Amino acid sequence: MIAIYLKELNSFFSSLTGYLALGIFLLVMSLFVWIFPDTSVLSYGFATLDGLFTTAPWIFMFLAPAVTMRMFSEEWSAGTYELLSTRPLSEATIISGKYFAALTLIVFSLLPTGIYYYTVYQLGSPTGNLDSGAVLGSYIGLFLLGSAFVSIGIFSSSVTNSQIVAFLLALFLCFFFFMAFEFLSRLNIFYAKADELIELLGINAHYRSISRGVLDTRDLLYFVSFNLVFLMLTRVALQSRKW
C-alpha cells in the first residue's frame, strides 16, 4: 500500500495540475474569508471563522473530484491497471493506497488555513476571544467531509475511462449526498420523524453537528460507514472489469 500511496503523491505533485488545484483552493478560500463582504470575517464584528467552515464544503465539492478523477480513469485509459493488477497487490491494497494519498492532499489543503485561525485569534478583542473548541470541531468536520468526498471521487474514477466523466459524476454525487437529503426533509411529504431520519442520511447534517465542537459517536460512525460503503463499491467496480 505504501508504494501505491507514494506513487500517487508523487504523480500529483510532479505535474502543474496538483499545485494549480491546491493554489486555486487557497485563493478562493482567501477571497471568501477575507475579501468578499458577505462572508469576510472582517465584516462580522466579532472573532469567528464561520465564513471558512461555511464555504469550505462547497470548494471541497470541486477539489476532491479534481484530486481523484485521474486515479483509476487514467489507469484504465492508459492500460496500466492490468500491469498493476498482475503484481502481488490485492484490490483493497490498491484502493487504500489511492484513498489515503487523496486524503493526504486534502489535509495539505487544510494546513495553510491555520494562518486564518492565528490571524483571527490575534485580531480578537481581547486577544484570543475565539471559540477554539468549535474551530477544532469544525476542522475535524472538514476532514471527515473531505474523506467522504474523496471516497466518492475514488468510486467515480473506478467506473469510467474518462477523467472528465469521473469529475462530473463525483461532483454530482458529492452535491447529492451533501444537500439532497436536506432538501427532501424540508418538503414535509413525510411525517416529522421520517423527515428527521431522511436529513440524517445526508452529509451536511453530520458535518454541522461536528462543527458545533461536540464529537458524537453517531456522526463519526456515519462518516466511517459512508467511506467504507463507497470504497467497497469501488472494489466491486474493479472486480466487474475482470468479469
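A brief look at the structure comes next. What you see is a predicted model, and the numbers here were worked out from it, not measured in a lab.

All right, on to the overall build of the chain then. For the chain, the helix and strand inventory stands at twelve helices and zero strands. Taken from the N to the C terminus, the helices and strands of the chain come in the order α-α-α-α-α-α-α-α-α-α-α-α. Per-residue burial over the chain gives 48% buried out of 243 residues. A sequence separation of at least 24 residues applies to 73% of the contacts in the chain between residues at least 6 apart.

Each pair of aromatic rings is reported with the distance of its centres and the angle of its planes. Evaluated as defined, the whole model comprises 18 aromatic pairs. The interplanar angle of 90° and the centroid separation of 5.5 Å between the aromatic rings of F177 and F230 together place this pair among those described as edge-to-face. Residue F177 is located in helix α9 (residues 163-185), and its partner F230 is located in helix α12 (residues 217-242); the two are separated by 53 residues in the primary sequence. Looking at F177, the relative accessible area reads 17%, which means it is buried. F230 sits in the buried class, given a relative accessible area of 6%. Taken together, the ring pairs connect F155, F172, F176, F177, F181, Y222, F223, F226 and F230 into an aromatic cluster. The lysine or arginine in question, K98, covers the ring of F72, its NZ or CZ lying 5.1 Å from the ring centre.

Below, the discussion takes up the environment of R186. Its place among the elements puts R186 in the loop between α9 and α10 (192-200). We classify R186 as exposed; its relative accessible area is 53%. For the pair R186 and E196, spaced ten residues apart in sequence, the C-alpha separation works out to 9.3 Å.

So, on to the nonpolar core. If you look at the biggest cluster of nonpolar residues, it comprises 66 residues, and the most contacted ones within it are F60, F149, I152 and I203. For F60, the contacting residues outside a window of four places in its chain are F25, P65, I106, S109, L110, L142, L145, G146 and F149.

In this section: the environment of L238. Mapped onto the fold, L238 is located in helix α12. Along the primary structure L238 and E91 are separated by 147 residues, whereas in three dimensions their C-alpha atoms are 7.6 Å apart.

Below, the discussion takes up the packing of helix α8 (residues 132-158) against helix α11 (residues 203-211). α11 packs onto α8 with a crossing angle of 155° between their chain directions and a minimal axis gap of 7 Å. One finds that α8 runs roughly antiparallel with respect to α11. Helix-helix and strand crossings are classified by hand; for α8 and α11 the assignment is right-handed. Counting all contacts with α8, which are made through A134, G137, S138, I140, G141, L142, L144, L145, A148 and F149, the residues of α11 involved are I203, Y207, I210 and S211. Considered class by class, the residues forming the contact of α8 with α11 number ten nonpolar, four polar and no charged.

In this structure the tally under the stated criterion is eight salt bridges. Salt-bridge contacts for K7 lead to E8; the nearest nitrogen and oxygen are separated by 3.5 Å. We classify K7 as partly exposed; its relative accessible area is 39%. Residues R70 and E74 are paired through a salt bridge, measuring 3.1 Å at the closest nitrogen-oxygen approach. What emerges from the salt-bridge pattern is a single network uniting K7, E8, R70, E74 and K98.

Conventions used here
Residues numbered from 1 in each chain as written. Predicted model: local features only at pLDDT ≥ 70, side-chain atom pairs only at ≥ 80, totals over all residues. Heavy atoms only, no water. Helix = DSSP H or I, 4+ residues; strand = E, 2+ residues; numbered from the N terminus. Buried < 20%, exposed > 50% of the residue type's maximum accessible area, 1.4 Å probe, protein only. Contact = heavy atoms within 4.5 Å. Phe/Tyr/Trp six-rings, centres within 6.5 Å; stacked < 30°, edge-to-face > 60°. Lys NZ or Arg CZ within 6 Å of the ring centre and 35° of its normal. Core = buried A, V, L, I, M, F, W, Y, C linked by side-chain atoms within 4.5 Å. Axes fitted to C-alpha atoms, helices over the stretch in contact; angles between N-to-C directions. Parallel < 35°, antiparallel > 145°, perpendicular 65-115°, else oblique. Left-handed = near helix turned anticlockwise from the far one by under 90°. Nonpolar A, V, L, I, M, F, W, Y, C, P; charged D, E, K, R; others polar. Salt bridge = Lys/Arg side-chain N within 4 Å of Asp/Glu carboxyl O.

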